[in-house]
Amino acid sequence: ASAASCAAGGGGNVNMLSAALHLLSDFARSLTTLAESLVLMALARQGEGARGPSPAFVDAVAALCVCSFIGIGILAGAVKWLRAFRTYLRRERVAAPSGGPSPRRRRS
């Protein structure tokens, strides 16, 4: 199953979704690093006396962007896993024998 079908809830493999999200976060990290290096190169050309953000500030913003991308990926994977787990629990409840007491009720 493709990552798109996994994300659409098409019953795909959660491991494939995790791998796709990991790949996406690596790609986002690479793009952020590229953008950061271009900004730092532009700042270096302007010289020391030029106004603008410091290299440390640019580095901090890039780090926050990377952490945000990773956090979004983790959140998306966690939501998908929780949905799969909830579906599993519902299937187990349906498959449980109906003759006995419900697992949620206590005997009085």
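Everything discussed here concerns the structure shown above.
An account of the accompanying structure is given in this report. Since the model is a prediction, treat every value here as computed from it, not as a measurement.

Basis of the calculations
Residues numbered from 1 in each chain as written. Predicted model: local features only at pLDDT ≥ 70, side-chain atom pairs only at ≥ 80, totals over all residues. Heavy atoms only, no water. Helix = DSSP H or I, 4+ residues; strand = E, 2+ residues; numbered from the N terminus. Areas by Shrake-Rupley, 256 points an atom, 1.4 Å probe, with all protein chains shown as cover. Patch = residues over 30% accessible without salt bridge, like charges linked within 9 Å, V, L, I, M, F, W, Y side chains within 5 Å. Salt bridge = Lys/Arg side-chain N within 4 Å of Asp/Glu carboxyl O. Lys, Arg positive; Asp, Glu negative; His and termini not counted. Charge placed at Lys NZ, Arg CZ, Asp CG, Glu CD. Phe/Tyr/Trp six-rings, centres within 6.5 Å; stacked < 30°, edge-to-face > 60°. Buried < 20%, exposed > 50% of the residue type's maximum accessible area, 1.4 Å probe, protein only. Expected span 1.5 Å × (residues − 1).

With that out of the way, let us pick up the overall build of the protein chain. For the protein chain, the count of helices and strands is three helices and zero strands. Starting at the N terminus, the α and β elements of the protein chain follow one another as α-α-α. Accessible surface computed for the protein chain: about 8,700 Å², of which carbon and sulfur atoms make up 63%.

What follows is about a nonpolar patch on the surface. On the surface, Phe27, Leu31, Leu34, Leu38 and Met41 cluster together to form a nonpolar patch covering roughly 510 Å² of accessible area. Secondary-structure assignment places Met41 in helix H2 (residues 14-46).

This brings us to a positive patch on the surface. On the surface, Arg83, Arg86, Arg90 and Arg93 cluster together to form a positively charged patch. Assignment of secondary structure puts Arg83 in helix H3 (residues 55-95).

Per the counting criterion, the structure on display carries two aromatic pairs. Taking the centre distance of 5.2 Å and the plane angle of 5° together, the rings of Trp81 and Phe85 count as stacked. With Trp81 and Phe85 both in helix H3 and four residues apart, this pair spans about one turn of that helix. With a relative accessible area of 37%, Phe85 lands in the partly exposed category. Summarising the aromatic geometry, the rings of Phe85 and Tyr88 are spaced 6.4 Å apart at their centres and angled 25° between planes, so their arrangement reads as stacked. Taken together, the positions of Phe85 and Tyr88, both in helix H3 and three residues apart, correspond to about one turn of that helix.

A few words now on the side chain of Glu36. Along the chain, Glu36 turns up in helix H2. Since its relative accessible area comes to 14%, Glu36 is described here as buried.

Mapped onto the fold, Cys65 is located in helix H3. It is 7.2 Å that separates the C-alpha atoms of Cys65 and Thr32, two residues lying 33 residues apart in sequence.

Taking 1.5 Å per residue, 41 residues should reach 60 Å; H3 reaches 60 Å between its end C-alpha atoms and fits that length. When we look at burial in H3, the residues that qualify are Val58, Ala62, Val66, Gly73, Gly77 and Lys80.

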